[in-house]
Amino acid sequence: MFKISALIEHQDRLYERKSELKTLLKAVTAGTPVASSCPAVENWSEPFEWDSRADDIRFNMFGISKYRANQREIINAVMAGRDVLVIMAAGGGKSLCYQLPAILRGGTTLVVSPLLSLIQDQVMGLAALGISAYMLTSTSGKENEKFVYKALEKGEDDLKILYVTPEKVSKSKRFMSKLEKCHNAGRLSLISIDEAHCCSQWGHDFRPDYKNLSILKTQFPKVPMVALTATATQKVQNDLIEMLHIPKCVKFVSSVNRPNLFYSVREKSLVGKAVVDEIAEFIRESYSNNESGIVYCFSRKECEQIAGELRERGISADYYHAEMDVNLREKVHMRWSKNKLQVIVGTVAFGMGINKPDVRFVIHHSLSKSMETYYQESGRAGRDGLPSECVLFFRSGDVPRQSSMVFYEYSGLQNLYDIVRYCQSKTKCRRSAFFRHFGEPSQDCNGMCDNCALSSEVKEVDVSDLAKLVVSMVQEMQAKDQRVTMLQLGDKLRTKHKDLSAELKREEIEHLVIKLIVDSVLKEEFQHTPYSTNAYVTMGPLANQLLQGRKTIKTETSSRQMNKKSKRSSSLSGLESKLDELRKEISAAHGSMLPHTVLSTQQIGLISSQKPDSLQELESIIGKLKTDKYGDKILEVMRHDAVSEQHVEDATKDETCKRRSSKRAKTQKDVVLLESSEEEEEA
Ligand SMILES: Nc1ncnc2c1ncn2[C@@H]1O[C@H](COP(=O)(O)OP(=O)(O)OP(=O)(O)O)[C@@H](O)[C@H]1O
Ligand SMILES: [Mg+2]
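Residues numbered from 1 in each chain as written. Chains lettered and ligands numbered in written order. Predicted model: local features only at pLDDT ≥ 70, side-chain atom pairs only at ≥ 80, totals over all residues. Heavy atoms only, no water.

Moving on to the pairing of strand 8 (residues 250-253). Of the two faces of strand 8, the one carrying Val 250 and Phe 252 and the one carrying Lys 251 and Val 253 are both buried. Sheet analysis places strand 2 (residues 84-87) next to strand 8, joined by 4 bridges and oriented parallel. The residue of strand 8 that forms the bridge with Val 86 is Phe 252. (Buried < 20%, exposed > 50% of the residue type's maximum accessible area, 1.4 Å probe, protein only. Helix = DSSP H or I, 4+ residues; strand = E, 2+ residues; numbered from the N terminus. Pairing = 2+ DSSP bridges.)

Further remarks concern the nonpolar core. Core analysis: the biggest nonpolar cluster contains 72 residues, and Ile 419, Tyr 422, Val 513, Leu 516 and Leu 522 have the highest contact counts within it. Ignoring sequence-local partners within four residues, the contact set of Val 513 consists of Val 470, Met 486, Leu 489, Leu 522 and Val 537. Of all hydrophobic cores here, the second largest spans 40 residues; its members include Ala 196, Cys 198, Cys 199 and Met 225. (Core = buried A, V, L, I, M, F, W, Y, C linked by side-chain atoms within 4.5 Å. Contact = heavy atoms within 4.5 Å.)

With that settled, the discussion passes to helix 19 (residues 464-479). The periodicity of an α-helix, 3.6 residues per turn, causes residues three or four positions apart to be oriented the same way. For helix 19, spanning 16 residues, the distance from its first C-alpha to its last is 22 Å, which sits close to the expected 22 Å at 1.5 Å a residue. Inspection of helix 19 places Ser 464, Leu 466, Ala 467, Val 470, Val 471, Met 473, Val 474 and Met 477 among the buried residues, and these make up the whole buried set. Looking one or two residues beyond helix 19, the residue adopting positive phi is Asp 481, at roughly 65°. (Expected span 1.5 Å × (residues − 1).)

This part takes up the site of ligand 1. In the vicinity of ligand 1, 17 residues are found, and the nearest of them are Lys 66, Gly 91, Lys 94, Ser 95 and Arg 383. A distance of 3.0 Å separates a nitrogen atom of ligand 1 from a polar side-chain atom of Gln 71. Here an oxygen atom of ligand 1 and a backbone polar atom of Gly 91 are 2.8 Å apart. With the chains in place, 80% of the 640 Å² that ligand 1 exposes on its own is no longer accessible. Along the lines of polarity and charge, the residues of the shell around ligand 1 split into 6 nonpolar, 6 polar and 5 charged. (Near = heavy atom within 4 Å. Polar contact = N/O pair within 3.5 Å; in protein donor to acceptor, adjacent residues only side chain to side chain. Areas by Shrake-Rupley, 256 points an atom, 1.4 Å probe, with all protein chains shown as cover. Nonpolar A, V, L, I, M, F, W, Y, C, P; charged D, E, K, R; others polar.)

Now for the packing of helix 19 against helix 20 (residues 486-496). Angle between the axes and distance between the axes: these two values describe a pair of packed helices. It is the contact of helix 19 with helix 20, at a shortest axis distance of 11 Å, that shows an interaxial angle of 105°. Looking at the two axes, helix 19 sits roughly perpendicular to helix 20. Across the interface between the two elements, Leu 469, Val 470, Met 473, Val 474, Glu 476 and Met 477 from helix 19 touch Leu 489, Lys 492, Leu 493 and Lys 496 from helix 20. Of the residues belonging to the contact of helix 19 with helix 20, the class tally is 7 nonpolar, no polar and 3 charged. (Axes fitted to C-alpha atoms, helices over the stretch in contact; angles between N-to-C directions. Parallel < 35°, antiparallel > 145°, perpendicular 65-115°, else oblique.)

On to the UniProt feature "domain: Helicase C-terminal" (unreviewed entry) in the protein chain, then. According to UniProt, the positions carrying the feature "domain: Helicase C-terminal" (unreviewed entry) are residues 275-427. Helix makes up 43% of residues 275-427 and strand 17%, and the two end C-alpha atoms of the span are 23 Å apart. (UniProt positions renumbered as here; feature names shortened; annotations may be inferred.)

If you walk through the whole model with that rule in mind, you get 16 aromatic pairs. The ring of Trp 336 carries Lys 356 above its face, with NZ or CZ at 5.7 Å from the centroid. (Phe/Tyr/Trp six-rings, centres within 6.5 Å; stacked < 30°, edge-to-face > 60°. Lys NZ or Arg CZ within 6 Å of the ring centre and 35° of its normal.)

To continue, consider the environment of Asn 144. As for its placement among the helices and strands, Asn 144 is situated in helix 6 (residues 142-154). C-alpha of Asn 144 to C-alpha of Tyr 134: the two residues are 10 residues apart in sequence and 8.2 Å apart in space. For Asn 144, the residues in contact, after removing those within four places along its chain, are Tyr 134, Met 135 and Leu 136.

Taking 1.5 Å per residue, 12 residues should reach 16 Å; helix 8 (residues 173-184) reaches 16 Å between its end C-alpha atoms and fits that length. Along helix 8, the positions that sit buried rather than exposed are Phe 175, Met 176, Lys 178, Leu 179 and Cys 182. All buried residues of helix 8 project into a common sector of 160° when viewed along the axis, lining one side. Of the exposed residues in helix 8, those oriented more than 90 degrees away from the buried face are Lys 173 and Asn 184. Note on helix 8: the residue one or two positions beyond its end, Gly 186, has a positive phi of about 75°. (Arc of directions from axis to C-beta.)

To continue, consider the state of the cysteines. This structure, assessed with the given rule, holds 0 disulfides. In this structure Cys 198 is not part of a disulfide, and its nearest cysteine sulfur, from Cys 199, lies 7.4 Å away. You can call Cys 198 buried: its relative accessible area is 0%. Free cysteine Cys 452: the closest other cysteine sulfur is in Cys 449, separated by 3.6 Å. (Disulfide = S-S within 2.5 Å.)

Another point: the pattern of salt bridges. A complete count under the given rule lists 35 salt bridges for this structure. A salt bridge links Asp 209 to Lys 171, with the shortest nitrogen-to-oxygen separation between them at 3.3 Å. Separated by 38 residues along the polypeptide, Asp 209 in the loop between strand 6 (188-193) and helix 9 (214-219) and Lys 171 in helix 7 (residues 166-171) bring together distant segments of the chain. What makes Asp 209 buried here is its relative accessible area of 13%. Classification of Lys 171 as exposed rests on a relative accessible area of 59%. For Lys 523, the salt bridge is made with Glu 525, and the minimal N-O distance between the two is 3.6 Å. (Salt bridge = Lys/Arg side-chain N within 4 Å of Asp/Glu carboxyl O.)

Here we take up the confidence of the model for the protein chain. Summarising the model, the protein chain shows a mean pLDDT of 86, and 86% of its residues fall at 70 or more. Across residues 30-41, confidence stays below pLDDT 50; counting only partners more than four residues off in sequence or on other chains, it has 20 contacts. Segment residues 664-683 is flagged for pLDDT under 50; beyond a separation of four residues in sequence, or across chains, it makes 12 contacts in the model. Reported confidence for the predicted complex is 0.99 by ipTM and 0.80 by pTM. (pLDDT = per-residue confidence, 0-100.)

Below, the structure is given as structure tokens:
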């Protein structure tokens, strides 16, 4: 008996060691740009002949003042004609890495992208920049299709970038034959596979049609291919290289870190209304300027209910889930994209198609099923690089609901328990959990998570005795062949040990049971009924160790009070609000153009701080194209703002003068003998 538990303990240590080694191995293979074919020789940071043309397009066409990490190097490798694999976090700026070379290289660039909404957003954005971008999808009209096919075949009309869904490549012979003609005439200059993780079954969004994209490299071996994704796992990377037939690609792996995101976990009340109250208060307090946000919920029903409850509390919110009519869903998405709706309350169905760069907060009403999905979902915040918040509402009682959904997935429970550990910790840096998960060396959090930012007294409490009571109860029931859910376990424990029930709240018992499950002392088992899958609690591999006193269980308690009134978002200045209004007006006048395409939030910030007063100065901030298009209107808004500022200033001066003279008069009247100085009056 003793031997068995010693072996189990040893096994446990080996498992831990294995995962440590795996992480280290990944850390060695990840890291900064790695050239997979000719390691040390290639230096993509050095000067290239296309530098000045690239700089001109970047600034004057895209309005981007400087490259972000790895962008220039990736563009150089693509320009040099190499196949390239880009792993870059959400919002890192992958689009520029193929759009800029598409313009520089001439000819036509083919872009494969998985979703209609993503394609529409991109084509609209490029059209607003005056770049001739088109799409071929299941919804393209006949006229559009005719134009594109003619342009591919004859090359007479301008077709710089063509977006297609993967189905076009795998199913449309007509399309492939036109593409071949374009290639034979030497006009197919680049192939880009966006959201490339869709190729891999190990990715989180596998699309069968992506599997057939290998045909592109087979048919057009000399055309450089760039594959881009935000999913970082090594397994997916290897899969992509193999499936797309790009063994000699140059690989650029950027950090998963999103330094502008503030991560926090809040205790979720047992009372549903209290949770919605807290969410509504958070939005009202921190995001009163209608800044965009997402609230993720577990189920369709929960989405509808919470959207309604937020509306009752004065928040402009609507819901989005897979079972809605497609047109209705798109309408909600569009209202939100145009800043006419502040919050979308969605299920995970509100996912990959979201291209909005200025999402300021992502709130999880319930936990995600893994660290990876949480990283993806929360990562929809702050794609423009500005400070944004990711808040997860956690209560242990939510775990069985998730576990009964994921237990049949490969590593489903392990992945879920990883995020539960993330939520239960009151000391470990949230960011470091992501680094660990993606096997990347740790980086400084800079106080951008609750555990790093909020100093609090966290105490470790030894709860082994209570844990033994819980485990003994499970053991007793198991001996009687009885099954018990977490909820029942809590109730039984409090009935049996009446002395405890006054002290222990339901949440505390649930917290402990989940901790014991995560620590392998207890285990979840599942049983299907015709309507649902129930999760039961049973003895886990380390249960006997605890019962025999060879394992201690400690939980963390914290005196921390989340500062609910913390205002991370800076409020907009008067000028910023006016420029925000202007971009909305221009967007509305153009119908399909989104406000952030007219001016990004970052550009609004720059204009407001630098206050240009001529078109020339404005051009040095937002580039030529946007200045030509909107410069006059922007300057008009600025002049108007300066005049009203002047009015306010004058009015304030007048008011101060009046107050001073009345005060002086009063002083003279009241205290005749004392002549006070100006400074004294101010004080
Ligand atoms: N160098 C840059 N400077 C400032 N903004 C940039 C820069 N590069 C890209 N951006 C902006 O960042 C935002 C996100 O870019 P992009 O859509 O290319 O991200 P992505 O890496 O494709 O993200 P996702 O994985 O979510 O698709 C866009 O608004 C884009 O204009
Ligand atoms: Mg993208």
